2 protein chains.
Amino acid sequence: MRRADPEVLAEVLRAAEGIAVPTRDEEERLSSVAERVLGAVRSSFSGVEGYLGASVEGSAAKGTWVRSRPEVDVFVMFSPEIPGERLEELVVTRGIAALESVGASWRLRYAEHPYVEGFLSGVGVNVVGCYEVERGRWISAVDRTPYHTAYVSSRLDERLRREVRLAKAFAMGIGVYGAEIKVGGFSGYLMELLVLRSGGFIELLEDASRWRPPKVIEMTGELSEERALVLFQNSPLIVTDPVDPRRNVASAVTLTKLSEFVLAAKLFLARPSLDFFAPPRPRRPEAWREVIAIRFDRPQGLPVDTLWGEALKFARSVASSLSREGFEVRRWAVEGTEDSVLVLLELDRLELPTFALREGPPVWLENALDFVERHASDPLTAAGPWVDGERLYVLKRREARGAVELTRRWLEGRSVSVPRDLDGPLRRAEVVALDRDAANRLDSMGFGQFIDSFLDGRPPFLRAR
Amino acid sequence: MRRADPEVLAEVLRAAEGIAVPTRDEEERLSSVAERVLGAVRSSFSGVEGYLGASVEGSAAKGTWVRSRPEVDVFVMFSPEIPGERLEELVVTRGIAALESVGASWRLRYAEHPYVEGFLSGVGVNVVGCYEVERGRWISAVDRTPYHTAYVSSRLDERLRREVRLAKAFAMGIGVYGAEIKVGGFSGYLMELLVLRSGGFIELLEDASRWRPPKVIEMTGELSEERALVLFQNSPLIVTDPVDPRRNVASAVTLTKLSEFVLAAKLFLARPSLDFFAPPRPRRPEAWREVIAIRFDRPQGLPVDTLWGEALKFARSVASSLSREGFEVRRWAVEGTEDSVLVLLELDRLELPTFALREGPPVWLENALDFVERHASDPLTAAGPWVDGERLYVLKRREARGAVELTRRWLEGRSVSVPRDLDGPLRRAEVVALDRDAANRLDSMGFGQFIDSFLDGRPPFLRAR
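What you see is a predicted model, and the numbers here were worked out from it, not measured in a lab. Counting starts from 1 at the beginning of each chain's written sequence and moves along it residue by residue. Both sets of labels track the order of writing: A upward for chains, 1 upward for ligands. Local features in this predicted model are restricted to residues of pLDDT 70 or higher, and side-chain atom pairs are both shown and tallied only at a pLDDT of 80 or more, whereas totals for entire chains, interfaces and linings draw on every residue.

Novice: It is not clear to me how the sheet that holds strand β14 (residues 391-397) of chain B should be interpreted in this structure. Could you clarify?
Specialist: Hydrogen bonds between backbone atoms are what pair the strands of a sheet, whose relative direction is either parallel or antiparallel. Residues and elements named next belong to chain B. What makes two strands pair is DSSP finding at least two bridges between them. Numbering of helices and strands starts at the N terminus; helices are DSSP runs of H or I of at least 4 residues and strands are runs of E of at least 2. Read across the open sheet, the 3 strands follow the order β12-β14-β13; overall the sheet is antiparallel. The sheet is open, and its two borders are formed by β12 (355-362) and β13 (381-388), each paired with just one other strand. Pairwise comparison of adjacent strand axes, ignoring direction, gives a mean angle of 20 degrees for this sheet. Where β12 and β14 come together, 6 bridges link them in antiparallel fashion. Pairing of E359 across the sheet is with Y393, part of β14. It is the C-beta atoms, placed from the backbone, that decide contacts: two residues are in contact if theirs lie within 7 Å. Lines fitted to C-alpha atoms define the axes, with helix axes restricted to the stretch in contact, and inter-axis angles between N-to-C directions lie between 0 and 180 degrees. Contacting β12, β13 and β14, helix α12 (residues 368-376) runs over the sheet at an angle of about 160 degrees to β13.

Quick look at the structure:
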C-alpha cells in the first residue's frame, strides 16, 4: 500500500485539529448551555411521578463533539412502570417548559418517541425521555444511551478524545457520518468504538483500508465471528455493542458508505490532505446531462427516518421502473428541505429508441404459437416475429418514449411504489427534465448545492482530485 | 397441440403438389437433358486414364427434384490412383468440352474441387468428378454421393417420391433449404432421409413439431443416441448417414434453421396454407429504422462456402464490436449478388448517448486508487468517480458516438475481424446508414428484395400472418 511522508501526515493532522477540536471558548459555551438546560429540566420534571432524574449524555458528556457542531443531549430518566404515552406527554410538555424557561427556541422532533429539540446560544439541545433499566431489559431504543456514555467515557483519555474528534470530523468531511436512513453511515458512538478498538484515528484508517465486507469487529468478548455473521446477516459492517451483544452498532451502515470510508481511508493514507476534513464545494458542470427531477411537498410531522425510508423506497421504485422500460439508470439521489423533497435520476438518455426488441419463448414451447399470433397481427409490430437461435423475437414500436412522460404516467396510475405518507404529495409532484430553467427554479427552493453535488457526482473526498 | 381440419389439410397438400411435383413435360425435358449431357460426358472422357464411367446422381436420379428447380448432377468416376490435381484438370477441360458439344452455356464453380455448372434448355447441369471407392475409403467429400443415390432410390416408391418433393418444397418455401454455409439449412439428401424415417411429409412435420435440440435421428443402426451425442457435439440436429456412421448429415443445420423448421411445422399443422410453399414477397415497411449497411465487392474465384464463411465471420465481428461499444444489435444478415456483398445490421439507434457509464473495480482492490487517479484528472470525465455498492463508477463523455463513423474507423484500423480474402474489398467498403437514398442505390445493385426481407424481419412462412 502507498503511504505518505509521515511529516506531511503529521502536519495535515495538526491542521485538522483546528477543524475537529472545539476552542476553549466553545467548550465553555457548551458547558454553560448544558448546565443551564440540565438545571431547567430538573426543575421542570421535579416531583413528576416516575421521574428518576436527568443527565447529560452523548458527545457533550463524553467530550467527543466536533468543533462547530455543539450538541447537548439531556436525558430524562423514567421508571419502567410509566406507560410510553405518558412518557411522551411528559417529555413534550415539561421539556418545552424547561427550554422556554431558559429562553431557548424549540421544535418537536420524531423518532421512536417524540423529543424536543432546542437552540440556545448557538448550541443544539435535545430533551429526550428514556427508561432507567438494567442492561438487557431495554424498553425504548434510547435506554442504552446512558450505558454507552458510561462505557466510552470510562475508556477515553485526553489523547483518545482528540482522536475520536478527528475520526468524526473525517467521517463528516467525507460524507459518511450519520446513522439516519437518509445517510446510512456511521454514528458518533460507532466512531468512538472504532477509535477505541484501533487505538487512534490513523490506526483506524490503517485498519479500515484493509477491511472487506462482511467485516466483523467484536467488542463484547461474548461472540465468535461466525456467530456474529449469522446474527447480523446482510450487514456489510458488524460492530457488536459492548452494552448489548445482540445489537450491531453498525447496522445502519450501507455497503456504499462502508466502501466510501474504506476508499477515503486508503486515499488519505496515500496522500493526506485537509480536503478530507473540509471538502471543496461542488461546482455545477457546464454541460447539462440526462437527468429527471421529481419534486414533491414534504409531509410534515413524520419521524425523519420514516420520511427518508419512504422517499428512498419511492426513488428506488422509479429507478427500477425506468430500468425495466429500457433506460439505463446511472445514479439517483434524494434530498430534502424543510418544505420539499427532490429526487434526481441520471439516465443514459431521456428518450428511448423508437423501437423495442421483445424476446419471446423458445419455439419448442407451446406458447410459441401464441406469441406469433399475438404479435403478427399487432399494428405496433415493426418487424418480425423472427427466430434467432431457439427463440422468437419481435421489434415493437414504443407507445411512450420519454422518461418524464412515462414517470408522470406511472405516478398517475400508481404503478410505481407510492408509500402511504407520500400519497398526497406525490399526487401533486412535479416531474421535469433537469434543464437550466428547472435547475434555476429548484435552486431557489434550496436545492442548489444538492444539484451541484449530484451533477458533479464525486463524493466530497474526491472533489479536490 | 392444435390440429387443423383434415379436409383442409388434404386440400392444401393437393394444391402444394402443383408447386412441388414437376409436370410430365418438365420430367421429359429433364430426362432428355440428362441423357444428352451424360452421353456427351461419356464421349468426352472416353479413353482418359483413370476414367471409370459417368452416371446421373442426385435428385434427377432419385426422382426427387422439385418443380421449376430441375437440376442434373453428372458424376464422372475416377480410379483412386488419379491425383486430385489431375482429376480437377480433367473435370474442367473435358467437362467444358462435353457441355459445349451439346450447346450448353457453362461456368466454373468451386467446392472442395472445382466443377462445371452448365445450363441447357432451362435445366441446370453440374459435371462433378469423384473417386470410385469402397464405403469408408472416401477420398473426396462427394465420393459418398453415388452411395446416397443408391440408398435413397432403393427405398423410394411413387408415394414417397411425392412426399419427399412436398417436404423439399416446404423447406424451400419456409427458407430452410440448403446446406451451404450461407443458409445453414437442410440438404436435399437430409430431407429424403427424414421423410424415409417418418414415412411421409405430414408424418415428418408431426415428428418435427415435437423435436427439441439436440435431436438425434439414428439411421445406421450402429450407434446409440448417447454415442451420437458425443460424436456430434454442438450439433442441434444429428442425423447419422446410413452410408457413413461417422458423418452427421445434418451437420450444417444451425439452431436457428432447426427452430424455424420446428416452428413452421407446428404452424402448418395448426393452420395449413399454401403460403408455406409459396410465401408472399416481403414489402418494404414505410418507416425507416436504425440500420447500417456495409457493401463491398465480392471477391471472385472463391469457393462459395469460403466466401460465406468469411462474410458471416466479418459480420459477426462488426456486430460484436457494436455491442461492446454500447449499441444493441437487434439482427444482422448478409446477402450477395454476383458482384457485391451487403451486410445489414439493425441497431437500437445509430447514435450512442453522449455519456458512457464506466464500471471500475471494487474499492477493496489495490487498483481502485489507480482508477480514481486516472479518471479524476481526465478531461473526458463528465461526473464522478463515485462509489455505488462496493464499486467505483465514472461517467465519461464519448469521443465517437455514431455507428457508421465507428464502423468506418474499425475498418480502417482493422480492429474488426477482416478475413484474408475480404481484405482488399473491405478496404474499399461503403458504410452508410440505410436511409431512402442508400436503399435506392442498393436496390439498383440487386439488393432490393434482401432489404425488404430484412426490414420485414419475418421468415417467409410468417409473412402471411
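Resuming the write-up.
Novice: Teacher, can you tell me more about the packing of helix α2 (residues 24-45) of chain B against helix α4 (residues 84-101) of chain B here?
Specialist: A pair of packed helices is characterised by two quantities: the angle between their axes and the separation of those axes. Residues and elements named next belong to chain B. At a minimum axis distance of 8 Å, the contact between α2 and α4 shows a crossing angle of 135 degrees. Taken together, the axes of α2 and α4 are oblique relative to one another. Helix-helix and strand crossings are classified by hand; for α2 and α4 the assignment is right-handed. Contacts between α2 and α4 pair A40, V41, S44 and F45 from the former with R94, A97, A98 and S101 from the latter. Counted by class, the contact of α2 with α4 contains 5 nonpolar, 2 polar and 1 charged residues. Any angle between 65 and 115 degrees counts as roughly perpendicular, while under 35 counts as roughly parallel, over 145 as roughly antiparallel, and the rest as oblique. By convention, the crossing between two helices is left-handed when the near helix turns anticlockwise from the far helix through less than a right angle, and right-handed when the turn is clockwise. Under the scheme applied, nonpolar residues are Ala, Val, Leu, Ile, Met, Phe, Trp, Tyr, Cys and Pro; charged residues are Asp, Glu, Lys and Arg; polar residues are all the others, including Gly.

Novice: Is there a simple way to think about the domain arrangement of chain A in this case?
Specialist: The figure often quoted for interface size is the accessible area lost as the parts come together. Residue and element names in this part refer to chain A. Just so you know, the domain bounds were taken from an automatic or database domain assignment. One can read the domain layout of chain A as domain 1 (24-153), domain 2 (155-276), domain 3 (291-351 + 401-462) and domain 4 (355-397). Using C-alpha coordinates to define each centre, domain 1 is positioned 26 Å away from domain 2. Elements represented by at least two residues in the side of domain 1 that touches domain 2 include exactly α3 (58-62) and α5 (145-153). By residue number, the principal contributor to the side of domain 1 that touches domain 2 is α5, which donates 5 residues.

Novice: It is not clear to me how the sheet that holds strand β6 (residues 215-217) of chain A should be interpreted in this structure. Could you clarify?
Specialist: Residue and element names in this part refer to chain A. Ordered by their spatial adjacency, 3 strands build an open sheet running β6-β7-β8, and the pairing between neighbours is mixed. Strand pairing shows two members of the sheet lacking a second neighbour, β6 and β8 (244-248), which therefore form its edges. If you compare each strand with its neighbour and ignore which way they point, the axes differ by 25 degrees on average. Sheet topology places strand β7 (residues 237-241) next to β8; 2 bridges connect them, and they run antiparallel. Bridging across to β8, D241 finds its partner in D244.

Novice: How should the relation of the copies chain B and chain A be read in this particular structure?
Specialist: Once chain B has been moved 0.0 Å along the axis and rotated by 180 degrees, it coincides with chain A to within an RMSD of 0.1 Å. What the superposition gives is, in effect, a two-fold axis relating one chain to the other. The share of interface residues of chain B whose copies in chain A are also at the interface is 100%, consistent with both copies meeting through the same surface. We superpose the copies by least squares over the C-alpha atoms of residues that have a pLDDT of at least 70 in both of them.

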